[in-house]
Structures are given as structure tokens and as C-alpha cells.
Amino acid sequence: LLERVTRLSVDHTQAEVRAWLQREHGLTWSNDRLRAALAGFRQALLPFVAALQQARLLQWLKQAQQSRGRQRPVLAAGRDGIMIPMRSGGYQEASAATVSVYDRRRRRLGTIYLGQMPQAKQATLTEELTALLKATLTAWREAVPRLAYITDKGSAPDDYYRHVLKKMKHPRDGQPLRWEWVLDFYHVCCYLGKMADALFGPETPAARQWFAKMRRWLRDRRQGAAQVLRSAMQYLDRRTMTKTQKTEFWKAYRYVRRHRRLMDYQGYRQRGLPIGSGVTEAACKTVFTQRFKRSGMRWSRETGQVILDLRVCLLSGVWDQAFAADLAARQLPQPWPSAAQPANKGSSQANKPVVVRFAA
């Protein structure tokens, strides 16, 4: 019953779960009792989740290694933030992370999800993501897959690459690991759209035509970012822009120029790497938005983290295994002969009264 209640709570509100308990089982639980039950169930599952997530990644890596294709398998990590409503005041940034495996034909085989309620510098998410990556690489005994880090250019993703991934060494042999940082292609395309609107006017046919052409150049050409910038400068001298349009143009132009070393999309695709962070963007929606941003909701860190841990356990596909592992680790009740009524000599074992004692 508790497992069913907890699984419902992953997707439904307290009121909906309590109504289901009353309707299906005739039970009347308070909000406090429901929260305590969820916290206890989550605490029982947590010791098994990390190992099960690692096992799933290893399973996908083995499947990718055996797949047919020209490219090496890819282990891709990503992280992003999302604003959620908090009781302590206003909206604060929560964080989500993903670890995915791609086979030799660039097909995604599966994704493990991680999440953390708002926290300064996202320290806990950093620890969990790093531990999962290192444990997976330690247990993987075959050739190291390609390692990709696909994000936008936020401060938290930037810090994680510079302070963790860039310095990471293989846990078994101590050799440096080469993580390729891929700046999300669709995020960069937003800046191309801003340049197009500034040069040709918002939503004009010329703006749409130039944007479509530059998007193809960026994706398919060697040094595509540099060619996009040259084209933009050629049109700049021919256009008369307002002060606002000039501000938007130069903001987008400087962004592409400053980060063009992370925009080798033609090379990424040749090496079988994904170029979009859609998996992580989708994680923000499925992990947080669908459950944490409903009408009128406000969250505390403690209660939210309970639901969040249960939710990523379910989305990562390890719920049933974690629940089975918890049941297997519990002591079963053992029957003992009753001290008050000792068995008579000659009586059958079946007639002996027993007392069932449960371990604390």
C-alpha cells in the first residue's frame, strides 16, 4: 500500500492522493501523515538508487558497444536550471542533470535523471553527478566512450566544466579524460534569430531566409560560426538600424564570437556527438514543471526534495528494482514456540501454538 501511495504522489497532489486513499481503501490520512510516509519510503529506497543508476548506464554502454556503426559510443552529460515557486519567497533556481548513452549510430539508448531543490552553487547536484560519472567509468572495463558535455552557457554549467570535467582523470588509471563541451545548437540559433531580426526587421521574409541559411552554415560547414559572423558584418554596412536593433545585434554577435570554439557542430556530428541539449531541457520539464509548477503550488526544500528524489527514481527506470532491493534487505518475521503454552509430548508440530515476533 505504501508503495502505491508513494508512486501516486510522484505525479499527483496531496489532495488527490488522500482522496484516492479514502475512496479505494477507506483510509483518512492527514497531510502530515502522508508526508511522513513518503519521507520514510524515500529514505528506504535511497541507499540502492545510485548503484542501480550505475548498473543501467553500464547496461546501455554494453549495448552501445555491441551496436553496429562507424562511431564510438557516447556518454553524454548535461545540466540546467529552472525556477520553481518556494515558500521562503518567490521563485528560486532548482537544478536538473542527465547522463545519457548513445550507440554507434547516434541513437539514444537511455537517460538517467538527477535533481536538486534550490541550493547555493548547486553543490549537492555536482557531487551526485560527479560520483555517478566516476563510478560508471570505474566499472566500465572496455574502451572509454566519447565523453560529451552538452549545455547552454550558464554560470553553473560553466563552473562544472572548468572545475570538474576539465580536470577529471580516469578513476582506474589516472589518465586525463577528454570531455568535449558542446554548446547547445538550438540555444545558439536563438542568437542567430536576433541578428536576423536586427538586420532585416522582425518576422520579415529576408530575415527568415537569412536565418535559415545561416543555421545550415552553422551546423554543416567547417568553421560555420566564423562564416556566419562574416556574413552578418557584410549586411551590417548596408542596413540602417535603430538604437535598440543595434544593441540586440551586437549582443548576439559578441555571444557567437566569444563562444565559437564550442560551436564545431560539423566536427561534432562527424564524431557521432549530439549537438542539442534537448534531453536536459526535457528533464527540466518532466522532472520539475509537470509536478512542481502547478497552479498555487509553493514548496519547502525538505518536502520538495522527497518528491524530487522519488520522481527521478521513477523517471530513471530504477523504481521497481530499488523497491525489490529494499524488501529483500528487510528481516522477515519468524515464528517461535509460545513460552506460555509449551508443546505437549507426542503432539504434532501442526498443533503447536506459535507467537510471531517482528524485528524492530
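Figured I'd write up the structure that's included with this text. (Residues numbered from 1 in each chain as written. Predicted model: local features only at pLDDT ≥ 70, side-chain atom pairs only at ≥ 80, totals over all residues. Heavy atoms only, no water.)

1. Examining the pairing of strand β2 (residues 91-102)
Of all twelve residues in β2, ten are buried, a share of seventy percent or more. Pairing of strand β1 (residues 74-85) with β2, which is carried by twelve bridges, proceeds in the antiparallel orientation. Directly across from Gly78, in β2, lies its bridge partner Thr98. Connecting β1 to the next strand, β2, in antiparallel fashion are five residues, including Gly89 with a positive phi near 135°. (Buried < 20%, exposed > 50% of the residue type's maximum accessible area, 1.4 Å probe, protein only. Helix = DSSP H or I, 4+ residues; strand = E, 2+ residues; numbered from the N terminus. Pairing = 2+ DSSP bridges.)

2. Quick word on the pattern of salt bridges
This structure, assessed with the given rule, holds 14 salt bridges. Across the pair Asp32 and Arg35 runs a salt bridge, and its minimum N-O distance is 3.9 Å. Of this pair, Asp32 and Arg35 both sit in helix α3 (residues 31-66), three residues apart, which is roughly one turn of the helix. The class for Asp32 is exposed, based on a relative accessible area of 57%. Arg35 gets classed as partly exposed once you look at its relative accessible area, which sits at 28%. Here Glu180 ties to Arg178 by a salt bridge, and the two come within 3.4 Å at their closest N and O atoms. Given the relative accessible area of 9%, Glu180 is considered buried. Sharing partners across several salt bridges, the network here consists of Glu3, Arg7 and Asp320. (Salt bridge = Lys/Arg side-chain N within 4 Å of Asp/Glu carboxyl O.)

3. Here we look at the packing of aromatic side chains
Taken as a whole, this structure holds 17 aromatic pairs when the rule is applied. Seen in terms of ring centroids, Tyr149 and Tyr160 are 6.0 Å apart; in terms of plane orientation they differ by 50°. Their pairing is tilted. Taken together, the residues span a long stretch of sequence, with Tyr149 in strand β4 (residues 146-151) and Tyr160 in helix α5 (residues 155-165) at a distance of eleven residues. For Tyr160, a relative accessible area of 2% translates into the label buried. What links up through ring pairs into an aromatic cluster is the set Tyr149, Tyr160, Tyr161 and Trp181. Positioned over the ring face of Tyr235 is Arg238, at 5.0 Å from the centre of the ring. (Phe/Tyr/Trp six-rings, centres within 6.5 Å; stacked < 30°, edge-to-face > 60°. Lys NZ or Arg CZ within 6 Å of the ring centre and 35° of its normal.)

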